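As a plain string of letters, each chain reads:
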Protein chains: 2
Amino acid sequence: MRAFLVVGSQAATAPFNLNGLTNAGRMDIICRCIAQSLFVSHGVRDDTDIYLLLLGPPDPPKAVHISGSTVRYMGPDERNIGGIIRKALDVDAGEPWRGSTPGVSVARRDLSGLLDELSYEVVFLHEDGDDIRAVDGLKDCLFVLGDHGGLPPSIRIVLEGQADHDVTVSPLSLQADQCITLVHNELDRRHAGEV
Amino acid sequence: MRAFLVVGSQAATAPFNLNGLTNAGRMDIICRCIAQSLFVSHGVRDDTDIYLLLLGPPDPPKAVHISGSTVRYMGPDERNIGGIIRKALDVDAGEPWRGSTPGVSVARRDLSGLLDELSYEVVFLHEDGDDIRAVDGLKDCLFVLGDHGGLPPSIRIVLEGQADHDVTVSPLSLQADQCITLVHNELDRRHAGEV
């Protein structure tokens, strides 16, 4: 299994206008991260999960989980994915995970609660990490990254305490969704070399 | 300079509804390809151009050129980029390139005409090519790829005749925009290793 956790530092925590994704705390970035986590050509990666930690107004924090193995009716375009997230944010978020559309569920979680619950090795993706091509392993990991605003200091402190690896994917500073594509590619290449 | 040419085999050639990018011959894919060609975190790649060859109804073929060094007012979200392409498709397309919004121009071109006009080495990106990590050079190249529908046979024949390199980026079949991200990353790494 592979998993990604995207921290949306200002991302909306209530239903938003699909014609204004950029104004919903940059929900467009979150949608692109979901697309890059889950889609290949003409299909969905059924070995991949993505978690969102949404920290923007009006009702933070909320976590959303999308399972590549069970998600349905999702296309890779921002508007389609935005519609699915909007429905998830209309569900009353509490301690138990509650289902929204197929493969999508929502809960009230902060970062510590989410990391405690998930049993992955944690890989913190940031510009000062080690080059992913030189880091062995990385199977069955949760790759954690921020959106355009970077990570709030309180989040960064938790991550620095919990991360098993610090990894970077590029000599340049890239957008979050691009980093996800590059992680997948490195792991796809390793997997193909093993079989 | 780096350049990409994305062939939209069914992509709209007249203004379209921004709320229905997927119904405009998968203009959503074209928009994502533009975003991945031009954007890094908090900026635009001023060393990169992207060309679109749009072959869908009602008025094919049309070519659109977006210059990373001169484009303005573009965000990385599909809706914003779709709006810029929609404006370009409202310009009367003829033999000379005609400007639309800053950095964006449009002309009547087929693939042969476009390749003849551009002075790049041509790299054909497809699944049966050589692994990009094993192909030296690739500086100052035009990377050509299709959208979700693959390339029409007539286009593929022209490309096979003109391509200087056949390259693949992944052991999996990926979406076009993902391939662009992976090309950039390989070239970014080479450039960083040189300086």
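Residues numbered from 1 in each chain as written. Chains lettered and ligands numbered in written order. Predicted model: local features only at pLDDT ≥ 70, side-chain atom pairs only at ≥ 80, totals over all residues. Heavy atoms only, no water.

Now for helix α1 (residues 27–38) of chain B. The first and last C-alpha atoms of α1(B) sit 17 Å apart over 12 residues, in line with the 16 Å expected at 1.5 Å per residue. In terms of residue burial, α1(B) counts as a mostly covered element, since 12 of its 12 residues are buried. (Helix = DSSP H or I, 4+ residues; strand = E, 2+ residues; numbered from the N terminus. Expected span 1.5 Å × (residues − 1). Buried < 20%, exposed > 50% of the residue type's maximum accessible area, 1.4 Å probe, protein only.)

Our focus in this paragraph is the packing of α1(B) against helix α5 (residues 176–194) of chain B. All names here are of chain B. Between α1 and α5, the least distance of the axes is 8 Å, while the angle of their chain directions is 10°. As judged from the angle between their axes, α1 and α5 are roughly parallel. Residues Ile 29, Arg 32, Cys 33, Gln 36 and Ser 37 of α1 touch α5, and the partners they reach there are Ala 176, Asp 177, Ile 180, Thr 181 and His 184. A per-class count over the contact of α1 with α5 returns four nonpolar, four polar and two charged. (Axes fitted to C-alpha atoms, helices over the stretch in contact; angles between N-to-C directions. Parallel < 35°, antiparallel > 145°, perpendicular 65-115°, else oblique. Contact = heavy atoms within 4.5 Å. Nonpolar A, V, L, I, M, F, W, Y, C, P; charged D, E, K, R; others polar.)

Residues and elements named next belong to chain A. Counting buried residues along strand β4 (residues 48–54), seven of its seven residues qualify, which places the element largely inside the surrounding structure. The two faces of β4 match: Thr 48, Ile 50, Leu 52 and Leu 54 on one face and Asp 49, Tyr 51 and Leu 53 on the other face are all buried. As judged from the seven bridges shared by strand β1 (residues 2–8) and β4, these two strands associate in the parallel manner. Within β4, the position partnered with Val 6 by the bridge is Leu 52. Here β4 runs beside strand β5 (residues 62–67); their pairing, made up of six bridges, is antiparallel. By the bridge assignment, Tyr 51 is partnered in β5 with His 65. (Pairing = 2+ DSSP bridges.)

On to the confidence of the model for chain A, then. In this model, chain A carries an average pLDDT of 96, and 99% of its residues clear a pLDDT of 70 or more. Interface confidence for the predicted complex, expressed as ipTM, amounts to 0.97; the pTM equals 0.98. (pLDDT = per-residue confidence, 0-100.)

This next bit is on the relation of the copies chain B and chain A. Once chain B has been moved 0.0 Å along the axis and rotated by 180°, it coincides with chain A to within an RMSD of 0.0 Å. The transformation just described matches what one would write down for a two-fold rotation axis. The share of interface residues of chain B whose copies in chain A are also at the interface is 100%, consistent with both copies meeting through the same surface. (Least-squares fit on C-alpha atoms with pLDDT ≥ 70 in both.)

All names here are of chain A. Tallied over the entire structure, the rule returns 30 salt bridges over all chains. Measuring nitrogen to oxygen at the nearest pair gives 3.0 Å for the salt bridge that ties Asp 28 to Arg 32. Here Arg 32 and Asp 28 lie together in helix α1 (residues 27–38), a separation of four residues that amounts to about one turn. Taking the relative accessible area as the measure of exposure, Asp 28 reaches 0% and is therefore buried. (Salt bridge = Lys/Arg side-chain N within 4 Å of Asp/Glu carboxyl O.)

What follows concerns the nonpolar core. Proteins that are soluble and globular tend to have nonpolar side chains buried together. Residues Met27(A) and Met27(B) are the most contacted members of the largest nonpolar core, which totals 102 residues. Look past the residues within four positions of Met27(B) in its chain and what remains in contact with it is Ala11(B), Ala12(B), Phe16(B), Leu21(B), Ile85(B) and Leu89(B). Tyr51(B), Leu53(B), Leu114(B) and Leu118(B) belong to the second largest nonpolar core, which has 19 residues in total. (Core = buried A, V, L, I, M, F, W, Y, C linked by side-chain atoms within 4.5 Å.)

Listed by partner, the interface residues are 36 residues for chain B and 36 residues for chain A. Surface buried jointly by chain B and chain A totals about 3100 Å² across both partners, of which 47% is contributed by carbon and sulfur atoms. Counting every contact that joins chain B to chain A gives four salt bridges. The partner of Asp131(A) in a salt bridge is Arg189(B), with the nearest N and O atoms 2.7 Å apart. Linking chain B with chain A are 23 residue pairs in polar contact (both at pLDDT 80 or more). (Buried area = accessible area lost by both parts, 1.4 Å probe. Polar contact = N/O pair within 3.5 Å; in protein donor to acceptor, adjacent residues only side chain to side chain.)

A few words now on the environment of Gln162(B). All names here are of chain B. Looking at where Gln 162 falls in the secondary structure, it is placed in helix α4 (residues 153–162). Sequence spacing of Gln 162 and Ser 67 is 95 residues, and the spatial spacing of their C-alpha atoms is 23 Å. Setting aside residues no more than four positions away along its own chain, Gln 162 makes contact with Leu 115, Asp 116 and Val 122.

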